Amino acid sequence: MPGHGGHEGHGGGGDDSRPMCAMNMSLNWSTENVCVLFDFWRVNSTTSLVFTCAAVFMLGYFYECLRAKLRSWETRTASSGGTGALADATSTLIPRDTTSGTSIRWKRAIYYGLMVAYSYSLMLIFMTYNGYLIISVIGGAIAGHYSYSIDEPGAVRGANCH
């Protein structure tokens, strides 16, 4: 107990050979003990930092890809005539009294929930406050938006946590 101030066993899992994840609350450029989303996804070297930044870049990139694909799916669904008011740009209502309408509403709701989870995951990576990871998220989002954006007014908007 000497020198620990009564904090023994707070490292999680009882494995004293593995240091705790860094919990920085300000911008940092650390390359040691940076945990990304999970305890097992840990940056402890320059090599792991490079691979982690590449993976985070791809997560940001594919988030934009999925957003574009969902937007396209909703547009196709609306133009097929099976969703009624969805085709109207000012309304996203789908009739609830049809089997087709209910099925589409459930799909939209599930896709929405998955995108919320995905965006919160990116937010949690951003909230490591690690400059390398922040740049990777933003770079992936920029590249993904460039690759998958549509050329119409309103297509440029900030990413939401949800």
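Quick notes on the pattern of salt bridges
Part 1 of the reasoning: A full pass over the atoms with the stated rule returns 3 salt bridges.
Part 2 of the reasoning: D39 serves as the salt-bridge partner of R42, at 2.5 Å between the closest nitrogen and oxygen.
Part 3 of the reasoning: We classify R42 as buried; its relative accessible area is 11%.
Part 4 of the reasoning: The salt bridge involving R67 is made with E64; its shortest N-O contact spans 3.4 Å. Here the residue R67 and the residue E64 both occupy positions in helix α1 (residues 46-79), the gap between them amounting to 3 residues, near one helical turn.
Part 5 of the reasoning: You can call R67 buried: its relative accessible area is 7%.

Observations regarding the environment of P19
Part 1 of the reasoning: Here P19 shows up in the segment before β1 (34-36).
Part 2 of the reasoning: For P19, a relative accessible area of 43% corresponds to the partly exposed category.
Part 3 of the reasoning: Residues P19 and N33, spaced 14 residues apart in sequence, show a C-alpha to C-alpha distance of 7.0 Å.
Part 4 of the reasoning: If we skip the residues at most four places from it in the chain, P19 touches N33 and R42.

So, the packing of aromatic side chains
Part 1 of the reasoning: Within this structure, the stated rule accounts for 6 aromatic pairs.
Part 2 of the reasoning: Consider the rings of F38 and F40, whose centres lie 5.2 Å apart with planes at 5°: the pair is stacked.
Part 3 of the reasoning: Overall, the relative accessible area of 65% leaves F40 in the exposed class.
Part 4 of the reasoning: When the ring of Y63 is compared with that of Y118, the centres are 5.3 Å apart and the planes differ by 75°; the resulting orientation is edge-to-face. With a gap of 55 residues between them, Y63 in helix α1 and Y118 in helix α2 (residues 99-126) connect regions that are remote in the sequence.
Part 5 of the reasoning: Taking relative accessible area as the criterion, Y63 reaches 8% and is therefore assigned buried.
Part 6 of the reasoning: Residue Y118 is classed as buried on the basis of its relative accessible area of 17%.

Some words on the pairing of strand β2 (residues 38-43)
Part 1 of the reasoning: Two elements, β1 and β2, share 3 bridges in a ladder whose sense is antiparallel. Looking at β2, one finds that V34 is bridged to V43.
Part 2 of the reasoning: Counted between consecutive antiparallel strands, the loop separating β1 from β2 contains 1 residue, among which L37 sits at a positive phi close to 65°.

Concerning the packing of α1 against helix α3 (residues 131-148)
Part 1 of the reasoning: It is at 7 Å that the axes of α1 and α3 come closest, and there the two elements cross at 35°. Crossing of α1 over α3 shows right-handed handedness. Along its contact with α1, which presents L49, T52, C53, V56, F57, G60, Y61, E64, C65 and A68, the element α3 presents Y132, L133, S136, V137, G139, G140, A141, A143, G144, H145, S147 and Y148.
Part 2 of the reasoning: Of the residues contributing to the contact of α1 with α3, the split by class is 13 nonpolar, 8 polar and 1 charged.

Here we look at the state of the cysteines
Part 1 of the reasoning: In this structure the tally under the stated criterion is 1 disulfide.
Part 2 of the reasoning: Across a sulfur-sulfur distance of 1.8 Å, C21 and C35 are joined as a disulfide pair. On the sign convention where negative is left-handed, the bridge of C21 and C35, at about -70° about the S-S bond, is left-handed. Residue C21 is found in the segment before β1, and its partner C35 is found in strand β1; the two are separated by 14 residues along the sequence.
Part 3 of the reasoning: Overall, C21 belongs to the partly exposed group, its relative accessible area being 22%.

The rules behind the values
- Residues numbered from 1 in each chain as written.
- Predicted model: local features only at pLDDT ≥ 70, side-chain atom pairs only at ≥ 80, totals over all residues.
- Heavy atoms only, no water.
- Salt bridge = Lys/Arg side-chain N within 4 Å of Asp/Glu carboxyl O.
- Buried < 20%, exposed > 50% of the residue type's maximum accessible area, 1.4 Å probe, protein only.
- Helix = DSSP H or I, 4+ residues; strand = E, 2+ residues; numbered from the N terminus.
- Contact = heavy atoms within 4.5 Å.
- Phe/Tyr/Trp six-rings, centres within 6.5 Å; stacked < 30°, edge-to-face > 60°.
- Pairing = 2+ DSSP bridges.
- Axes fitted to C-alpha atoms, helices over the stretch in contact; angles between N-to-C directions.
- Left-handed = near helix turned anticlockwise from the far one by under 90°.
- Nonpolar A, V, L, I, M, F, W, Y, C, P; charged D, E, K, R; others polar.
- Disulfide = S-S within 2.5 Å.

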